[in-house]
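# Understanding the architecture of this molecule
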Amino acid sequence: VLGGLSDRLGRKPLLIAAPLLGACSSCFLFLSVSLFPHPNGGTLDARLLLLLLLILIGRLCEGATTALNTPACLGYIADATVDAEKLRARVMTGFEVSTVGAIALAIPFGGKVSSVLGIWGFCVVIVLHLINAAVIVSYVRENVQRSVQKRKSSSLFESFGMLGDRRIRTFLPAWLCIN
């Protein structure tokens, strides 16, 4: 859904929205640990429900951040390398490898930030998201060629038909494993 939206609206709006939503996510999580530093999980009361709601909203925003970011990034790469298939393959491979590497490095980095700053480590995450958004606003240029959809899009089940393509079936297990 968001990949199609980035095709229609352009990549940049989604690329900007992703880190802003990520910053909001961190704000919800910061708020949850600030308001409820030592929750009592033994009784289900209004305080615990509010804590769970704040965490749920924070986690949903994190998921939406990724949902906005990934198709827009991959679409941007595809747009920038439209006439160079080999370059596109190298850049997309680099994108996926750097994504996996960043996830692997974020675990010890996040643990270190948390051990040094405690809950204030969420502020580091918020600032990083805001810096990311500022970089995108300032430096990302896209050649937006919006087009009107000429025919009704196919159904979700018809989209699954693409999985029958040999090239996609070959690539899919590695992609699913990495992601």
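Below you will find a few notes about this structure.

Rules and cut-offs
Residues numbered from 1 in each chain as written. Predicted model: local features only at pLDDT ≥ 70, side-chain atom pairs only at ≥ 80, totals over all residues. Heavy atoms only, no water. Helix = DSSP H or I, 4+ residues; strand = E, 2+ residues; numbered from the N terminus. Buried < 20%, exposed > 50% of the residue type's maximum accessible area, 1.4 Å probe, protein only. Axes fitted to C-alpha atoms, helices over the stretch in contact; angles between N-to-C directions. Parallel < 35°, antiparallel > 145°, perpendicular 65-115°, else oblique. Contact = heavy atoms within 4.5 Å. Nonpolar A, V, L, I, M, F, W, Y, C, P; charged D, E, K, R; others polar. Polar contact = N/O pair within 3.5 Å; in protein donor to acceptor, adjacent residues only side chain to side chain. Left-handed = near helix turned anticlockwise from the far one by under 90°. Phe/Tyr/Trp six-rings, centres within 6.5 Å; stacked < 30°, edge-to-face > 60°. Salt bridge = Lys/Arg side-chain N within 4 Å of Asp/Glu carboxyl O.

## Considering the environment of Ile77
- With respect to the helices and strands, Ile77 occurs in helix 3 (residues 46–80).
- Ile77 gets classed as buried once you look at its relative accessible area, which sits at 11%.
- For Ile77 and Val125, which are 48 residues apart along the polypeptide, the C-alpha to C-alpha distance reads 25 Å.

## A few points about the packing of helix 1 (residues 2–9) against helix 2 (residues 11–35)
- Closest axis-to-axis distance for the helix 1/helix 2 pair is 6 Å, and the angle between their directions is 125 degrees. Here helix 1 lies oblique to helix 2, going by the angle between them. Packed against helix 1, whose contacting residues are Leu2, Gly3, Ser6, Asp7 and Leu9, the element helix 2 presents Arg11, Pro13 and Leu14 at the interface.
- Its residues assigned to classes, the contact of helix 1 with helix 2 shows four nonpolar, two polar and two charged.

## Focus: the side chain of Thr65
- Locating Thr65 in the fold gives a position in helix 3.
- Engagement of the side chain of Thr65 in a polar contact is seen with the backbone oxygen of Cys61, the distance being 2.8 Å.
- The residues touching Thr65, leaving out its near neighbours within four places in the chain, are Ala18, Leu21 and Gly22.

## Things to note about the packing of helix 2 against helix 5 (residues 121–139)
- The interhelical angle for the contact between helix 2 and helix 5, taken along N-to-C directions, is 170 degrees, at an axis separation of 9 Å. Judged on the interaxial angle alone, helix 5 and helix 2 are roughly antiparallel. At the point where helix 2 passes helix 5, the crossing takes the left-handed sense. Along the contact surface, helix 2 presents Lys12, Leu15, Ile16, Pro19, Leu20, Gly22, Ala23, Ser26, Cys27, Leu29, Phe30 and Val33, while helix 5 presents Phe122, Cys123, Val125, Ile126, His129, Leu130, Asn132, Ala133, Ile136 and Val137.
- Across the contact of helix 2 with helix 5, the residue classes tally to 17 nonpolar, four polar and one charged.

## Observations regarding the packing of aromatic side chains
- Throughout the structure, instances matching the rule amount to two aromatic pairs.
- Summarising the aromatic geometry, the rings of Phe30 and Trp120 are spaced 5.1 Å apart at their centres and angled 50 degrees between planes, so their arrangement reads as tilted. Taken as a pair, Phe30 in helix 2 and Trp120 in the loop between helix 4 (85–117) and helix 5 lie far apart in primary sequence, 90 residues in all.
- Accessibility expressed as a relative area gives 18% for Phe30, which makes it buried.
- Look at Trp120 and you get exposed, because its relative accessible area is 52%.
- With a centroid separation of 6.4 Å and an interplanar angle of 65 degrees, the aromatic rings of Phe30 and Phe122 are classed as edge-to-face. Of this pair, Phe30 sits in helix 2 while Phe122 sits in helix 5, and the two are 92 residues apart along the sequence.

## Digging into the pattern of salt bridges
- If you walk through the whole model with that rule in mind, you get three salt bridges.
- With its nearest N and O atoms 2.6 Å apart, the salt bridge here joins Asp7 to Arg11.
- In this structure Asp7 comes out as partly exposed when scored by relative accessible area, which is 48%.
- When the shortest N-O distance is used, the salt bridge between Arg59 and Glu62 registers 3.1 Å. Pair noted here: Arg59 and Glu62 are both in helix 3, with a separation of three residues, about one helical turn.
- Taken together, the shared-partner salt bridges in this structure form one network comprising Asp7, Arg11 and Asp79.

These results come straight from atomic positions and should not be treated as a statement about function.
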